[in-house]
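These are the residues of each chain, in order.
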Amino acid sequence: MKQQTLSIIKPDAVERNLTDNIKEILIKNNLKILKEKKIQITKEEAAEFYKVHQTKPFYDRLCEYLSSGIIVVMILEGENSIKVYRETMGSTDPKSAQKGTIREKYGISIDKNSVHGSDSPENATKEINFFF
Ligand code: CMP
């Protein structure tokens, strides 16, 4: 089933010029980049985007971080793209991410884990509408 999902290349990866390397990995995994933009968001916008995490102890730090620099947001399309992209990213914490995944290759820490991806069809729709 063809699906769309939202991808964010986070400030740590944009800053280290990893955008093209990450896009290459996406394309190799049959994830087509339908739309893309390079932006910086405010802390308030990050708080709205990550609202599902508002009760978590790391929420404030997460919003501070996502708004701290330039990010690249993309709509990805492909067969089962939500699952495929999550596998391509690897585990949230780069320390436990599988070999060859984006987070294993480029992630610095659980906070600076280089990329974000939607975790369900409902959230993919919400997240795509948030940015596009
Ligand atoms: P992301 O996929 O963008 O979704 C929420 C983010 O919160 C996650 O990646 C991590 O970067 C960050 N985060 C920080 N601490 C934790 C934690 N303990 N568990 C899950 N996510 C965390």
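Our structure is the block above this text.
All chains use their own residue numbering, which begins from 1 and follows the written sequence. Two thresholds apply to this predicted model, a pLDDT of at least 70 for residue-level local features and 80 or more for giving and counting side-chain atom pairs, whereas whole-chain, interface and lining totals are computed over all residues. Each side-chain value is worked out from all heavy atoms of the structure, with water and hydrogens disregarded.

**So, the nonpolar core**
Moving on, step 1. By nonpolar core we mean a set of buried residues, namely Ala, Val, Leu, Ile, Met, Phe, Trp, Tyr and Cys, connected to one another through side-chain atoms within 4.5 Å. Burial classes follow relative accessibility: with a 1.4 Å probe on protein chains only, a residue under 20% of its type's maximum area counts as buried, one over 50% as exposed, and anything between as partly exposed. Among the nonpolar cores identified, the biggest contains 16 residues, and Ile9, Ile22, Leu26, Tyr85, Ile102 and Val115 are the most heavily contacted of them.
Moving on, step 2. Those elements that provide at least two residues to this core are α1 (11-15), α2 (19-28), β3 (71-79), α5 (81-89) and α6 (102-106).
Moving on, step 3. In this analysis, two residues are considered to be in contact whenever any of their non-hydrogen atoms come within 4.5 Å of each other. When sequence neighbours within four positions are dropped, the list of residues in contact with Ile22 reads Ile9, Ala13, Ile102, Tyr106 and Val115.
Moving on, step 4. Core analysis: the next-biggest nonpolar cluster, separate from the first, contains 15 residues, Ala46, Ile71, Val73 and Phe131 among them. Helix and strand labels come from DSSP, where a helix needs a run of H or I of at least four residues and a strand needs a run of E of at least two; each type is numbered from the N terminus.

**Comments concerning the site of the ligand**
Moving on, step 1. Neighbouring residues of the ligand: Lys10, Tyr50, His53, Phe58, Arg61, Leu62, Thr92, Arg103, Ile110, Asp111, Asn113 and His116.
Moving on, step 2. Definition of a polar contact: a pair of N or O atoms within 3.5 Å, with one able to donate and the other able to accept a hydrogen when the atoms are protein atoms, and with sequence-neighbouring residues admitted only if both atoms are side-chain atoms. Separating an oxygen atom of the ligand from a side-chain N or O atom of His116 is a distance of 2.9 Å.
Moving on, step 3. Each accessible area value is a Shrake-Rupley result obtained with a 1.4 Å probe; residue values ignore everything except the protein chains displayed when judging cover. When the ligand is considered free in solution it has 450 Å² of accessible area, and contact with the protein chains removes 78% of it.
Moving on, step 4. In the shell around the ligand, the residues fall into four nonpolar, four polar and four charged. In these notes, residues near a molecule or strand are those with any non-hydrogen atom within 4 Å of it. Residue polarity is assigned by list, with Asp, Glu, Lys and Arg as charged and Ala, Val, Leu, Ile, Met, Phe, Trp, Tyr, Cys and Pro as nonpolar; anything else, Gly included, falls into the polar class.

**Concerning the packing of aromatic side chains**
Moving on, step 1. Aromatic rings from Phe, Tyr and Trp, taking only the six-membered ring of Trp, are treated as a pair when their centres fall within 6.5 Å; an angle between ring planes under 30 degrees marks them as stacked, one over 60 as edge-to-face, and anything in between as tilted. Inspection of every chain in the model, using the stated rule, returns four aromatic pairs.
Moving on, step 2. A centroid spacing of 5.2 Å and a plane angle of 50° characterise the contact between Phe49 and Phe131, whose relative ring orientation is tilted. One end of the pair, Phe49, is in helix α3 (residues 43-49); the other, Phe131, is in helix α7 (residues 121-131), with 82 residues separating them in the sequence. Each member of the pair Phe49 and Phe131 is classed as buried.
Moving on, step 3. Judged by centre distance (4.9 Å) and plane angle (80°), the rings of Phe130 and Phe131 are edge-to-face.

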